[in-house]
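Here are the chains, one letter per residue:
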Amino acid sequence: MLTRYSKIALVWAIALNTSLVVFNNLTDYDSNYWFVVHVLTMDTTFPDNQGMWRAINSSAFHHLLYWIIILVETATALLCWWGGARLLRARHQVQDFNQAKGIAVAGLTLGIILWFTGFITFGGEWFLMWQSDVWNGSQSAFRLIVVFGITLLYLARSDDALDA
């Protein structure tokens, strides 16, 4: 039973963290908006790099992408809160608990997709964010991916053997 409580706590810890990310993005919109702008315009990458043709200088696109990021973060947080609640309700029966994992798995997976595909793949590699000393979110994204991934692996492990 302790393992099930542990899984619930970790899913909710991620929900809380992601909720705070959303809160910060909404209450201090400009700070992270400018992060998106600098990554997409590639204005702090290595001078004269050959990838500058990828830069996007459209303010409308910057705002659109930032809102998409906020919406995906919101969906991730909501799925993790909801998934944790489903797990809590199902905690007394192993089979019910195993069957209740789907929403939490979806939230954790969505978070990994956002921070890996959005930040590491597109931001880091396509827009060469790794070249910037100032606007490089690769390490922060990696930390989140690791926490989400480890929690996903732990959650996905069947609880049948753990109760034996």
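Here is what the cut-offs are and how they apply
Residues numbered from 1 in each chain as written. Predicted model: local features only at pLDDT ≥ 70, side-chain atom pairs only at ≥ 80, totals over all residues. Heavy atoms only, no water. Helix = DSSP H or I, 4+ residues; strand = E, 2+ residues; numbered from the N terminus. Buried < 20%, exposed > 50% of the residue type's maximum accessible area, 1.4 Å probe, protein only. Contact = heavy atoms within 4.5 Å. Areas by Shrake-Rupley, 256 points an atom, 1.4 Å probe, with all protein chains shown as cover. Lys, Arg positive; Asp, Glu negative; His and termini not counted. Charge placed at Lys NZ, Arg CZ, Asp CG, Glu CD. Phe/Tyr/Trp six-rings, centres within 6.5 Å; stacked < 30°, edge-to-face > 60°. Expected span 1.5 Å × (residues − 1). Axes fitted to C-alpha atoms, helices over the stretch in contact; angles between N-to-C directions. Parallel < 35°, antiparallel > 145°, perpendicular 65-115°, else oblique. Left-handed = near helix turned anticlockwise from the far one by under 90°. Nonpolar A, V, L, I, M, F, W, Y, C, P; charged D, E, K, R; others polar. Patch = residues over 30% accessible without salt bridge, like charges linked within 9 Å, V, L, I, M, F, W, Y side chains within 5 Å. Salt bridge = Lys/Arg side-chain N within 4 Å of Asp/Glu carboxyl O. Core = buried A, V, L, I, M, F, W, Y, C linked by side-chain atoms within 4.5 Å.

A. Local environment of the overall build of the protein. A count of helical and extended segments in the protein gives 7 helices and 0 strands. In the protein, the succession of α and β elements from N to C terminus is α-α-α-α-α-α-α. Every one of the 164 residues in the protein was classed for burial, and the buried ones make up 40%. Restricting the contact set of the protein to residue pairs at least 6 apart, pairs at least 24 apart contribute 79%. Working note: accessible area of the protein is about 9,000 Å², and carbon and sulfur atoms make up 67% of it. A distance of 16 Å separates the average location of the 9 positive side-chain charges in the protein from that of its 11 negative side-chain charges.

B. A look at the packing of aromatic side chains. Taken as a whole and assessed by the stated rule, the structure comprises 12 aromatic pairs. Between Trp 12 and Trp 81 the ring centres are 6.5 Å apart and the planes differ by 40°, which places this aromatic pair in the tilted class. With a gap of 69 residues between them, Trp 12 in helix α1 (residues 2-27) and Trp 81 in helix α3 (residues 59-89) connect regions that are remote in the sequence. On the basis of relative accessibility, which here comes to 26%, the residue Trp 12 falls in the partly exposed class. With centroids separated by 6.4 Å and ring planes inclined at 25°, the aromatic side chains of Trp 115 and Phe 119 adopt a geometry described as stacked.

C. Molecular detail of α1. Counted at 1.5 Å a residue, the expected span for α1 with its 26 residues is 38 Å, and the 37 Å between its end C-alpha atoms agrees. Taken together, the buried positions of α1 are occupied by Arg 4, Lys 7, Ile 8, Val 11, Ile 14, Ala 15, Thr 18, Val 22 and Asn 25.

D. Broad picture of the packing of α3 against helix α5 (residues 102-126). Remark: α3 packs on α5, axes separated minimally by 7 Å, with the N-to-C direction vectors making an angle of 155°. As judged from the angle between their axes, α3 and α5 are roughly antiparallel. Here α3 runs over α5; the crossing is left-handed. Facing α3, whose interface residues are Ile 69, Val 72, Glu 73, Ala 75, Thr 76, Leu 79, Cys 80, Trp 82, Gly 83, Arg 86 and Leu 87, α5 presents Ile 103, Ala 104, Ala 106, Gly 107, Leu 108, Leu 110, Gly 111, Leu 114, Trp 115 and Phe 119. Taken together, the residues that form the contact of α3 with α5 break down as 15 nonpolar, 4 polar and 2 charged.

E. Representation of a nonpolar patch on the surface within the structure. Side chains of Leu 16, Leu 20, Phe 23, Leu 78 and Trp 81 sit close together on the surface and give an oily, nonpolar patch of about 510 Å² of accessible area. Sort the elements by how many residues they give to the nonpolar patch and α1 lands first, with 3 residues. Relative to the assigned elements, Leu 20 resides in helix α1.

F. Highlighting the nonpolar core. Ranked by internal contacts, the top residues of the largest apolar core, which has 36 residues, are Val 11, Leu 87, Leu 108, Trp 115 and Phe 119. Mapped onto this core, the elements with two or more residues apiece are α1, α2 (29-41), α3, α5 and α6 (138-156). If one sorts the elements of this core by residue count, α2 sits on top with 7 residues. Ignoring sequence-local partners within four residues, the contact set of Val 11 consists of Cys 80, Gly 84, Leu 87, Ala 104, Leu 108, Thr 151 and Leu 155.

G. Spotlight on the side chain of Thr 76. By the secondary structure assignment, Thr 76 is in helix α3. Thr 76 has contacts with Thr 18, Gly 107, Leu 110, Gly 111 and Phe 148, leaving out every residue within four places of it along the chain.

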